[in-house]
Amino acid sequence: MKKQLIALCAFAFTVVCGPAAAADWSTVTGALDFSGEITGVMAVVGVLAGFYVVRKGARLLLSMIK
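Anyway, here's the lowdown on the structure attached to this text. From a predicted model like this one, the values you see are computed outputs, not experimental measurements.

1. Describing the overall build of the chain
Here is step 1: Scanning the chain from N- to C-terminus turns up three helices and zero strands.
Here is step 2: Tracing the chain from N to C terminus, the helices and strands come up as α-α-α.
Here is step 3: Carbon and sulfur atoms form 74% of the exposed surface of the chain, whose accessible area is close to 6300 Å².

Put into structure tokens, the structure is as follows:
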């Protein structure tokens, strides 16, 4: 029951406060030209690489907490 309550609270926080606290990346990406295919491929590769780095760091952090 306790885990379900924690999950419900986390979900409610994400729904209510998540969009309000979203980062604005328009100043960072405003100077990039996304019209070329190579730039699009590089953008996808960069997003995937960032995802895997964050996932690896989260796993490392969670293993330290255990």
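2. What about the packing of aromatic side chains?
Here is step 1: Taken as a whole, this structure holds one aromatic pair when the rule is applied.
Here is step 2: When the centroid spacing of 5.2 Å and the interplanar angle of 65 degrees are considered together, the rings of Phe51 and Tyr52 count as edge-to-face.
Here is step 3: A relative accessible area of 46% means that Phe51 is categorised as partly exposed.

3. A few points about a nonpolar patch on the surface
Here is step 1: A contiguous nonpolar patch, built from Leu60, Leu61, Leu62, Met64 and Ile65 and spanning about 570 Å² of accessible area, is present on the exposed surface.
Here is step 2: Along the chain, the position of Leu61 falls in helix H3 (residues 37-65).

Parameters and conventions
- The residue numbers shown here count from 1 along each chain, following its written sequence.
- For a predicted model such as this one, the threshold for reporting local features is a pLDDT of at least 70, and the threshold for listing and counting side-chain atom pairs is 80 or more; totals across whole chains, interfaces and linings nevertheless cover every residue.
- As a rule here, side-chain values come from all non-hydrogen atoms in the structure, and water together with hydrogens is ignored.
- What counts as a helix is a DSSP run of H or I of at least four residues, what counts as a strand is a run of E of at least two, and both are numbered from the N terminus.
- In short, Shrake-Rupley with a 1.4 Å probe defines the accessible areas, and a residue's cover is counted only from the protein chains shown.
- Two aromatic rings, drawn from Phe, Tyr or Trp (for Trp, its six-membered ring), form a pair once their centres lie within 6.5 Å of each other, and the interplanar angle then sorts them: stacked below 30 degrees, edge-to-face above 60, tilted otherwise.
- Note on exposure labels: buried denotes an accessible area under 20% of the residue type's maximum, exposed denotes more than 50%, and partly exposed covers the range between, all computed with a 1.4 Å probe on protein chains only.
- Patch membership requires over 30% relative accessible area and the absence of a salt bridge. Like charges are linked within 9 Å, and nonpolar side chains (Val, Leu, Ile, Met, Phe, Trp, Tyr) within 5 Å.
- What counts as a salt bridge is simple: a side-chain nitrogen of Lys or Arg found within 4 Å of a carboxyl oxygen of Asp or Glu.

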